[in-house]
Amino acid sequence: MNDADVSKQIQQMVRFIRQEAEEKANEISVSAEEEFNIEKLQLVEAEKKKIRQEYERKEKQVEIRKKIEYSMQLNASRIKVLQAQDDLVSNMMEAASKEVLNVSRDHNSYKKLLKGLIVQSLLRLKEPAVLLRCRKDDHHLVESVLESAKEEYAQKLQVHPPEIIVDHQIYLPPGPGHHNAHGPSCSGGVVVASRDGKIVCENTLDARLDVVFRKKLPELMDNLEQVEGVDEVEELEDLQGVDLEGNNEELVPEIIVEPTVGMFFDSLDEMFEYYKGYGLQEGFPVMRRSCRKGDDGSLRYVTFTCGRNGKSKAKDTNVLRLQPNQKSGCNAKLGGRLDLVTGKWVIGNMILEHNHAVSPSKSRYYRCNRTISPFVKKQLEINDEAGIRMAQSFKSVVVEAGGFEKVSFLEKDARNHIDKVRRLRLGEGDVVAIQRYFKKMQTENDGFFFSLDLDEEGRLKNVFWADPRSRAAYKDFGDVVTFDTTYLTNKYDMPFAPFVGVNHHGQSILLGCGLISHEDTETFTWLFDTWLSCMSGSPPLGIITDQDKAMKNAIEIVFPNTRHRWCLWHILKKVPEKLGRYVQYHAIRVSLHSVVYDSYTPVEFEEAWHGMLDKYDLINNQWLNGLYEERNRWVPCFVKNSFWAGMSTTQRSESMNAFFDGYVNSKTTLKQFVEKYEKAMESKIEKEWQADARCFSQRMPCRTSFAMEKQVEAVYTISKFQEFQQELANKIYCEVFSCGGSEYEVIENDEQSREKTLKVFFAKNEGEVHCVCKMFEYKGILCRHVIAVLSRNRIQLLPEKYILRRWRKDVRRFYSKVKVSYDARNSSIEHQRYKEECTAFYDVAEVASKNEESHKNIMGWIEKAMKDVSLNVRSDGDDTCSYGGSGSYTENIQDPVVTRRKGRPPTQRKQKQFKRPKQKSNNASASTTVEVATTVPTQESHMALLAQQAPFEHAFFPPYYQSWMNYGGVHHGNLQYFPQQNLEEANRGEFSSNEPST
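For every chain, the first residue of the written sequence is number 1, and numbering continues from 1 onward in sequence order. Confidence filtering applies because this is a predicted model: local features only for residues at pLDDT of at least 70, side-chain atom pairs given and counted only at 80 or more, and all residues used for totals across whole chains, interfaces and linings. Hydrogens are left out, water is left out, and the side-chain values use all remaining heavy atoms of the structure.

An unreviewed UniProt entry annotates the protein chain as Protein FAR1-RELATED SEQUENCE originating from Citrus sinensis.

This is the structure in structure tokens:
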């Protein structure tokens, strides 16, 4: 082939390649255009969908706005009905009080009544000597019936007549009248107390009337609601004919026209709402600036301005902490005046120009446009009570609304609302609120105990409380408790002091708690004394605390026969601080750990301890020498001879403290702290019930065929059986050698392949077995070494003495039957109605939302029913909780002083403890106390308080009379309230739990 042929072939190939390339390019172009058109259609459809959704959202907003406006028409009449109900109930109470006062005016019948009241009080107290108080006007009547009352009491109980001492110095208040219209009053009756003042029976006519009125109040309210319900049904029937088709009109975006001079409005509020809406549309905040009244005192002129009107002034005197300010001196305003002829408000002057930029997109951030709907307020309040942090609670609102731009308030507004609700929930000082709360709990829970300790100025120092379930649980699980105050404080920096035990599931159980102002011997003595009285005077067998000297002194005073153990963790955490300066610190720490944990007998510990001191030249270390002197309080081989339910540290108390962490902070008030205690108790009780249900309905499978494993599984709770099962499984690491007689040697190889040799003593005939590790004595669970010896001797079943009742699941424990009503605030009639309505609405929405026709019917019915519903009635004021009771006894008690407590700052309490320090560490005032304790025993045989000897002149009466009982200016003692009993039953010597009627 010559050059011409080659050139020709090349040209043909080039033409072919070019043709193929052009065809491919055309194909790619067509495909790209097709994909572009598809993508464009998808984007268009997506935008159309967004527009439709936005349209539907705005349409719903308009519909809701119309419904709200429609519902407000009956708001005024509804408020009047509620006010009329309250007035009627108050009038009934006043009328009943007047009728009760008339009882004391008929001397013949009143004389018989006084005798019956005295006999009833004597039967209730059953004391050989009592103190009696009455009104001054009733003094002679009481004197005349005393002897006959004594004889009747002695005849009923077949005892000697009691000694009744009538107080001639201080009387009960006189009956209500003009001379004491604003002071305390008493319509009649008597108050009888034991000689030592520990038990008081208030048998006044006012107290009986109060009991009956509280009992009948729900019935009265039901009758009033039934009468009102008839009118509501008729109004709902009238609403059935309302035409709602107008709501389906085409949505037209609402545009607020620019204000002009001469525009008029029906009311001043309407004018302000117009200007605020105009500001929202244009993008500037508004505020009420000034107003002026006419000669007749009526409002005539107002001025609304831009929210940035005025001059910027720094409120904070600290130039290093200046805060931003929105004031810019803007002169934009709108002036209105009242037209005296038409009675309407007219725009008289205005300035529309601003000296700053405006932005409609930022209008929602201005304070005047930020509002929280009643429904969202309720959700925030419920989340706050449940312990949900505000950040998470606000996020849930944002997610539900569909984004931040659709939420009409900021997280800061939600926090401010919750703070306001908390203040309203208190409604008064902390001490007053907590006393009212305790009295409310006492009314609803028989056996609720609380005690307040006051200083010489009448200021709260310490508080202790325990619910009846905790008091009953102490009988089963009060043998060993832990006590710790090093973790949690409140706004007054008062440490939380819980008494914590262990139940049959191995769970922490609260046995009472307190808030204390000081950590000294006097305070701890008061707290331990109060707790001991609350628990029927029965001290625990063992108590675990940290090394606090004040605690040690108080325990020796109050619990002289109780085994006191120090928290091992608190001791070992000080090792870096006390020994970190030594060059051989790491070797010392390992050696100390081995001495403490690997010594099974005191002799072994003594040898290992002195060997460590000699090896590392620690003989002159004062900290170690101090620990050695107190070795019987913390070294395991010294304390394991006693039962500790498996506890070696105060971790139980700290875990209870940790439960509050996140809910309680430095701003938490006393009342809020006690409410958090409610939540903790509810959660703990629920977990215990779940564990009980699990043990009842489930069974743990056995790992082996040993009969003793099946024996323990049948009677122990699941958690405790798992502990035994683990020991049974670990016996495979144990090798048993007989030493002759009843002595055995067990060699154990642990997980680190370390070999341990332990002694086990087994007397087969007596059924006694002991191991030097003392696990059963200390924890109540047989160790692997004992199990291995029993297996070696072919013992199939454990002796009954080694099956502890404490861990059994088939035991009926009294405390589990004690019911406690915790959520007192949520038990109100209004809250119950709210929950019932929400539940009903949710059920309806679940069904109706599945069908468009059903949805329209339901929405139409709701719009009709909205006439009877007010979304804003008392939305800002009904959150206040009142806990009942007389307020006279709280007037002189003041809130505690905020003081800095000892110990590390709260910000450092969670730092790692075993980090070696970089540098070497260098390292009570008496007051008159006032106690107010109130208890109601659930079982007199189980819950009766040990009578504490107190001088007669310090006898304490109910808090109603505290303000006019003063013996030398000092009050102290314990006070008991008993439910009023039916007079006829008392005269027959019978008592029932039902409250009487007068």
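Read on for the rest.
Engineer: Give me the pairing of strand E1 (residues 129-134): which residues, what numbers.
Structural biologist: Burial analysis of E1 places six of its six residues in the buried class, the great majority of the element. When a residue's accessible area, from a 1.4 Å probe over protein chains only, is under 20% of the maximum for its type it is buried; when over 50% it is exposed; and in between it is partly exposed. Each helix corresponds to a stretch of at least 4 residues labelled H or I by DSSP, and each strand to a stretch of at least 2 residues labelled E; elements are numbered beginning at the N terminus. Residues Ala 129, Leu 131 and Arg 133 of E1 are buried on one face, and the alternating residues Val 130, Leu 132 and Cys 134, pointing to the opposite face, are buried as well. When DSSP finds two or more bridges between two strands, those strands count as paired. Looking at chain direction, E1 and strand E2 (residues 163-166) are connected through four bridges and run parallel. The residue of E2 that forms the bridge with Leu 131 is Ile 165. For the handedness criterion, the strands are oriented away from the viewer, and a crossover whose path from the first strand over the helix to the second runs clockwise is classed as right-handed. At this point the chain moves from E1, through helix H4 (residues 139-157), to the parallel E2, and the crossover so formed is right-handed. Pairing of E1 with strand E3 (residues 189-194) involves five bridges; the strand directions are antiparallel. Along E3, the bridge assignment pairs Cys 134 with Val 190.

Engineer: Hey, could you go over the confidence of the model for the protein chain for me, with residue numbers and the actual values?
Structural biologist: Should the pLDDT be low somewhere, the predicted coordinates at that spot are not to be read in detail. On average, residues of the protein chain carry a pLDDT of 76, and 75% of them reach 70 or more. For every residue, the pLDDT score states the predictor's confidence, bounded by 0 at the bottom and 100 at the top. Residue contacts are defined here by distance: any two heavy atoms, one from each residue, within 4.5 Å place the two residues in contact. Here residues 232-253 is a poorly scored stretch, pLDDT under 50, and it has 26 contacts once near neighbours within four places are set aside; other chains count. In this model residues 870-891 is a low-confidence stretch, pLDDT under 50, and it forms 49 contacts with partners more than four residues away in sequence or in other chains.

Engineer: Quick one: what's the story with the sheet that holds E3, residue by residue and with numbers?
Structural biologist: In spatial order, the strands read E2-E1-E3-E4; together these four strands make up an open sheet with mixed pairing. The sheet is open, and its two edges are formed by E2 and strand E4 (200-204), each paired on a single side. The mean angle between the axes of side-by-side strands here comes to 20°, regardless of whether they run parallel or antiparallel. Contacts from helix H3 (residues 107-125) reach E1, E2, E3 and E4, with the element oriented near 20° to E3. The sheet strands contacting H4 are E1, E2 and E3, and the helix crosses E2 at an angle near 175°. Every angle, taken between N-to-C directions, lies between 0 and 180 degrees, and every axis is a line fitted to C-alpha atoms, over only the stretch in contact when it is a helix.

Engineer: Please provide a residue-by-residue account of the environment of Thr 443, values included.
Structural biologist: Of note, Thr 443 is situated in helix H10 (residues 430-444). In protein, a polar contact means a hydrogen-donor-capable atom and an acceptor-capable atom, both N or O and within 3.5 Å, with residues adjacent in sequence counting only if both atoms are side-chain atoms; elsewhere, any N or O pair within 3.5 Å suffices. A polar contact is formed between the side chain of Thr 443 and the backbone oxygen of Lys 439, at a distance of 2.9 Å.

Engineer: If you had to explain the packing of aromatic side chains to someone new, which residues and values would you point to?
Structural biologist: Whether two aromatic rings pair depends on their centres lying within 6.5 Å, for rings of Phe, Tyr and Trp, where Trp uses its six-membered ring; planes under 30 degrees apart make the pair stacked, over 60 edge-to-face, and the rest tilted. Inspection of the entire model under this criterion finds 27 aromatic pairs. Ring geometry for Phe 499 versus Trp 531: centroids 4.3 Å apart, planes at 5°, classification stacked. Residue Phe 499 is found in strand E13 (residues 496-502), and its partner Trp 531 is found in helix H12 (residues 521-534); the two are separated by 32 residues along the sequence. Each of the two residues, Phe 499 as well as Trp 531, counts as buried. Grouped by ring-pair contacts, the aromatic residues Phe 449, Phe 464, Tyr 474, Phe 483, Phe 499, Phe 524, Phe 528, Trp 531 and Phe 559 constitute a single cluster. A cation over a ring is seen here: Arg 288 above Phe 272, with NZ or CZ 4.0 Å from the ring centre. Of note, Arg 565 hangs over the ring of Trp 644, and the distance from its end group to the ring centre comes to 5.5 Å. In this scheme, Lys NZ or Arg CZ marks a charge over a ring once it lies within 6 Å of the ring centre and within 35 degrees of the ring normal.

Engineer: Go over unusual backbone geometry with me, naming the residues and quoting the values.
Structural biologist: One non-glycine residue, Lys 774, adopts positive backbone phi at about 60°. Here Lys 774 is to be found in the loop between strand E20 (768-771) and helix H24 (775-779). Residue classification places Lys 774 among the partly exposed positions, given a relative accessible area of 24%. Backbone geometry at Arg 794 places phi at a positive 55°, although glycine is not the residue there. Relative to the assigned elements, Arg 794 resides in the loop between helix H25 (784-792) and helix H26 (829-848).

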